Amino acid sequence: QVQLVESGGGLVQAGGSLRLSCAASGSISSINAMGWYRQAPGKQRELVAAITSGGSTNYADSVKGRFTISRDNAKNTVSLQMNSLKPEDTAVYYCALDVITRVAMPPTSYWGQGTQVTVSS
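Sequence order as written defines the numbering, with residues in each chain counted from 1. For this predicted model, a pLDDT threshold of at least 70 governs which residues receive local features, and a threshold of 80 or more governs which side-chain atom pairs are given and counted, while totals over whole chains, interfaces and linings are taken from all residues. No hydrogens and no water enter the side-chain calculation; it runs on all heavy atoms of the structure.

Give a description of the side chain of Arg 66 that names residues and reports values.
Along the chain, the position of Arg 66 falls in the loop between strand S6 (57–59) and strand S7 (67–72). Only 2.9 Å separates the side chain of Arg 66 from the backbone oxygen of Ser 84, close enough to count as a polar contact. Ignoring any residue separated from it by four or fewer positions in sequence, one finds Arg 66 in contact with Gln 81, Met 82, Asn 83, Ser 84, Leu 85, Lys 86 and Asp 89. Helix numbers and strand numbers start at the N terminus; a helix is a DSSP run of H or I with at least 4 residues, a strand a run of E with at least 2. Whenever a nitrogen or oxygen atom comes within 3.5 Å of another N or O atom, the pair is scored as a polar contact, on the condition that within protein one atom can donate a hydrogen and the other can accept it, and that pairs from neighbouring residues in sequence are kept only if both atoms are in side chains. We call two residues contacting when some pair of their heavy atoms lies within 4.5 Å.

Report on the nonpolar core, specifying residues and quantitative values.
Among buried residues, those of type Ala, Val, Leu, Ile, Met, Phe, Trp, Tyr and Cys that are joined through side-chain atoms within 4.5 Å constitute a nonpolar core. Type-normalised accessible area, obtained with a 1.4 Å probe on protein chains alone, sets the label of each residue: buried when under 20%, exposed when over 50%, and partly exposed for intermediate values. In this structure, Trp 36, Val 78, Leu 80, Met 82, Tyr 93 and Leu 97 are the most contacted members of the largest nonpolar core, which totals 31 residues. Of all the elements, strand S9 (residues 91–100) adds the most residues to this core, at 5 residues. With sequence-adjacent residues up to four places away left out, Met 82 is seen in contact with Gly 16, Ser 17, Leu 18, Leu 20, Arg 66, Phe 67, Tyr 93 and Val 117.

Could you give an account of the state of the cysteines, naming the residues involved and the relevant values?
Whenever a pair of cysteine sulfur atoms sits within 2.5 Å, that pair is classed as a disulfide. With the rule as written, the count across this model stands at 1 disulfide. Residue Cys 22 pairs covalently with Cys 95 via a disulfide, S to S 2.1 Å. The disulfide joining Cys 22 to Cys 95 has a torsion of about 50° about its S-S bond and is therefore right-handed. Here Cys 22 is found in strand S3 (residues 18–26), whereas its partner Cys 95 is found in strand S9, with 73 residues between them in sequence.

Can you explain the sheet that holds strand S1 (residues 2–7)? Please cite residues and give values.
Spatial ordering of the open sheet is given by S1-S3-S8-S7, a layout of 4 strands whose pairing is antiparallel. The strands lining the two open edges of the sheet, one partner per strand, are S1 and S7. In this sheet, neighbouring strand axes are inclined to one another by 15° on average, regardless of whether the strands run parallel or antiparallel. DSSP-based pairing: two strands are paired if at least 2 bridges between them are found. Bridging between S3 and strand S8 (residues 77–82) involves 6 bridges; their strand directions are antiparallel. Along S8, the bridge assignment pairs Leu 18 with Met 82. Every angle, taken between N-to-C directions, lies between 0 and 180 degrees, and every axis is a line fitted to C-alpha atoms, over only the stretch in contact when it is a helix.

Structure (structure tokens):
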């Protein structure tokens, strides 16, 4: 089994910064893609940022230039640095990892429990 623990959410004023982290533990051989998603009330969950095992990144247009995703393969962690936050960034943020638990096995997606980010105007 694989467990994901998220941290770093909270309340911040517009223009402020937060850093989210997600740590994976358990039966892990390697991790392919890592990503952050968010879901605001009444809206569908959307991809915020993703990073491949090789370090290539992809961002939603709404966060480009403000958010930075990074990973530490040795620690099985993924982080999201969020700067210049806006009220429309308010949402529950989830990390998602494609984990390979055994060599030559296909990856399985695991999700964090979610962390609330609230940006006040």
